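Reading the structure
Letter by letter, the chains look like this.
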Amino acid sequence: MWTDVVDLQNFYAAPLGNVVRQRLQHCVRSTWPRMPGLRLGGYGFASAYLTTYLQEARSTVSLMPSAQGATPWPESQGNRVCMVAEDNFPLPDRSLDRLLVVHALEHATRPAGLLREAWRVLDAEGRLLLIVPNRRGLWARADGTPFGWGQPFSRAQVTRLLNDMLFEQLSSDRALFLPPTNRLWLQRSAPAWERVGSRCFPRFAGLIVIEARKRLIAPGLLSPEMARHRSLRVLPSLTHRGGPAPSPVKGNERR
């Protein structure tokens, strides 16, 4: 079951969601410090973490799952959102240099199909950054947060899935040692929780963060699914050029 885009927006607008955004932005920026002239994409609800790269990336697109719904982004510029199927991105082959996947893999009907499509749209030596709930962590059990829904993973499971789908793992990290609580006094101590947790109980982090690189294979071994070639199409109903932004398209409002 996918978390609806409106619920995701509400979560990130709340104090706990703001703490999560800060911690994950730190992880993403630590992995990808700069994005000069690169083609950047995000899948799931990645726009919260793509904004920081808007001024330096050559191009940026946020691919939002149709089962989740979509909302225009960014607020200050022309819309860069496209609503897509999890195994069919309307992008040409090798059209991205970096792809961030968050709030997505744990909900995918076919995780292998999602990663196969990620492999197709990434350029040679392209990088994939996955953020998924840790099955050992408290956040995977917290129904009041987006990370408490879907299928959590262990690091070994993610590594095996990446290997099967022709990705080479480059690095792994863990994040969110803060308990999933709305108590403000605990949220204020989030940096201390991260420091202590990463040293004392790393296996119980809320999230697993893994960067992987696309492995190349002989062209004759590519399946027809991986070789699909489509042009980018931004949904006209989501395009926003001045004036009041349209309302989010909820996941249950299928087109």
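The structure reproduced in this document is the subject of the present report. Just so it is clear, the model here is predicted, and its values are computed rather than measured.

Quick word on the overall build of the protein chain
For the protein chain, the helix and strand inventory stands at seven helices and nine strands. Relative to its 255 residues, the protein chain shows a buried fraction of 51%. The contacts of the protein chain with a sequence gap of at least 6 include a subset with a gap of at least 24, amounting to 72%. Element-wise, carbon and sulfur atoms account for 50% of the exposed surface of the protein chain, whose accessible area totals about 11900 Å².

A short note on helix H7 (residues 190-200)
Regarding H7, the residues found buried are Ala190, Glu194 and Gly197. Summarising the axial view, the buried residues of H7 lie within an arc of 80°, below the 170-degree limit, and thus occupy one face. Structural note: H7 exposes Arg199 and Cys200 on the side pointing more than 90 degrees away from its buried face. Those residues of H7 hidden inside the fold are in contact with helix H2 (15-31), strand S7 (167-175) and helix H6 (184-187).

Regarding the pairing of strand S5 (residues 96-102)
When you tally the buried positions in S5, you get seven out of seven residues, the bulk of the element. For strand S1 (residues 39-44) and S5, the ladder comprises five bridges, and the chain directions are parallel. Note that in S5 the partner of Gly44 across the bridge is Val102. Here six bridges tie S5 to strand S6 (residues 122-133), and the two strands are oriented parallel to one another. When the sheet's bridge partners are listed, Val102 is paired in S6 with Ile131. Between the parallel pair S5 and S6, the chain is carried across by helix H4 (residues 111-121), and the sense of this crossover is right-handed.

Some thoughts on the sheet that holds S7
The strand order across the open sheet formed by seven strands is S4-S2-S1-S5-S6-S8-S7, and the pairing between neighbours is mixed. Strand pairing shows two members of the sheet lacking a second neighbour, strand S4 (81-84) and S7, which therefore form its edges. Pairwise comparison of adjacent strand axes, ignoring direction, gives a mean angle of 20° for this sheet. Along the sheet face, H2 touches S5, S6, S7 and strand S8 (207-214) and points at about 155° away from the line of S6.

About the thresholds
- Residues numbered from 1 in each chain as written.
- Predicted model: local features only at pLDDT ≥ 70, side-chain atom pairs only at ≥ 80, totals over all residues.
- Heavy atoms only, no water.
- Helix = DSSP H or I, 4+ residues; strand = E, 2+ residues; numbered from the N terminus.
- Buried < 20%, exposed > 50% of the residue type's maximum accessible area, 1.4 Å probe, protein only.
- Contact = heavy atoms within 4.5 Å.
- Areas by Shrake-Rupley, 256 points an atom, 1.4 Å probe, with all protein chains shown as cover.
- Arc of directions from axis to C-beta.
- Pairing = 2+ DSSP bridges.
- Right-handed = clockwise from strand over helix to strand, strands pointing away.
- Axes fitted to C-alpha atoms, helices over the stretch in contact; angles between N-to-C directions.

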